[in-house]
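Architecture and fold: a report
Residues per chain, in single letters:
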Amino acid sequence: MAKIVLFGATGYTGRLTARALLARGAEPVLAARNATALRQLAADLGGTETAVADVADPASVRALLGRGDVLVTTVGPFMRYGGPALGAALEAGAHYFDSTGEGPFIREVFDRDAEARRAGAGLLTAFGFDYVPGNVAAALALRDGPDADRVDIGYFIASPGTSGGTRASMVGMLFERGFALRDGEIVPERIGARTHTFDVAGRGFTGASIPGSEHLVLHRAHPNLREVDVYLGMPGNAARALQATSFVADTVARVAPVKRLAENALSALVKGSTGGPDAATRARTRTWAVAETRDATGRILSSAALTGVDPYDFTAEILAWGAQTALAGGLLGTGALGPVEAFGLDALTAAAADAGLRPAEPA
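Quick summary incoming for the structure in this document. Not measured: the values here are computed from a predicted model.

This part covers the pairing of strand S13 (residues 286-294). Most of S13 is tucked away, with eight of its nine residues classed as buried. For strand S7 (residues 150-158) and S13, the ladder comprises nine bridges, and the chain directions are antiparallel. From the neighbouring strand, Arg 150 faces S13, where its bridge partner is Arg 294. Sheet topology places S13 next to strand S14 (residues 300-308); eight bridges connect them, and they run antiparallel.

What follows is the structure, encoded as structure tokens:
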């Protein structure tokens, strides 16, 4: 009988996702590398099946899965640790979900599209706050502006807390090349190369450009799109500082030995698996995802905005919904899929609302 396997269950996002799955009535197998931590987690949750697996032993990850299973992995940073789980799902013919926000890893997943189709597996990378909300907002805006030449998407967070895993992923991204959709093609572009200001609830919010899944999927449904940009919100000064920092980091990254030294030094300073914001902090956090479509002259054709809960809470809830829906046969295709491609806009919008992210009221 097919099952859901949650790999990385004892980590910060993993624990939240385990609780969300159980709250939905699912019976996941909780997997992680530390047997003691797994037993304690299972006891805390009232008892559920567990399995020990470690990315350092890829065979142990592969042993978790059979054909038709659903693997949800929160083991990051994904550029460092994500490969074994992805490979195991493809080899097993299992559907795959992850919580990454790391653009280069997202592109690696999409590069395995043909392999996933042959295996009969659906690959749903970045299926959390990174980058489901922007995909939904963009699809809603493009429904009202189907002839758009470009779309700009912004993510904004008020009073955020961050987990150790998120900080480690951000460090890992610093020396990697980003990408963007330019003239209808995916091209390399350094992180923070552009800034953009959006109107959010009557206020101006600025973001710096980042690579996201939206670049890779929106033009598949809207082949007339020539440009896609995704922005992460930050104060204007910080956005400009990121532009300068990313320019230096991009220069460093071109010299492999220097890149390795810099990455190792930063990794030693920023540790993953150090917990994250508590429930009270998450309850204070507000988020927005905004999309604007434009014609070739730059005139805005349409826009859409979603607002809601803390990113970690949203990620746990949407991962749980996606995994349970996939297990029930609800995927609309196989291969590397965007969120809207996988479930349809109406179903995904409803699921996002249930997970706490709803259309924003006009200012």
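What follows is about unusual backbone geometry. Residue Gly 76 is joined to Pro 77 through a cis peptide bond whose omega torsion reads 0°. The topology assignment puts Pro 77 in the loop between strand S4 (70-73) and helix H4 (78-81). For the bond running from Asp 130 to Tyr 131, omega is 0°, close enough to zero to count as cis. Within the secondary structure, Tyr 131 sits in the loop between strand S6 (122-124) and helix H8 (132-144). Of note, Ala 126 is a non-glycine position whose phi angle comes to about 55°, a positive value. Mapped onto the elements, Ala 126 comes out in the loop between S6 and H8. One non-glycine residue, Asp 183, lies in positive phi territory at about 55°. Here Asp 183 is to be found in the loop between strand S8 (178-182) and strand S9 (185-189).

In this section: the nonpolar core. Ranked by internal contacts, the top residues of the largest apolar core, which has 93 residues, are Phe 7, Leu 65, Phe 97, Phe 127 and Ile 153. For this core, the leading source of residues is helix H14 (residues 311-327), giving nine residues. Dropping the residues within four chain positions of it, Phe 127 is found in contact with Phe 97, Asp 98, Val 132, Thr 315, Ile 318, Leu 319, Trp 321, Gly 322, Pro 339, Phe 343 and Leu 348. In this structure, Phe 156, Phe 198, Val 200 and Trp 288 belong to the second largest nonpolar core, which totals seven residues.

About the thresholds
- Residues numbered from 1 in each chain as written.
- Predicted model: local features only at pLDDT ≥ 70, side-chain atom pairs only at ≥ 80, totals over all residues.
- Heavy atoms only, no water.
- Buried < 20%, exposed > 50% of the residue type's maximum accessible area, 1.4 Å probe, protein only.
- Helix = DSSP H or I, 4+ residues; strand = E, 2+ residues; numbered from the N terminus.
- Pairing = 2+ DSSP bridges.
- Core = buried A, V, L, I, M, F, W, Y, C linked by side-chain atoms within 4.5 Å.
- Contact = heavy atoms within 4.5 Å.

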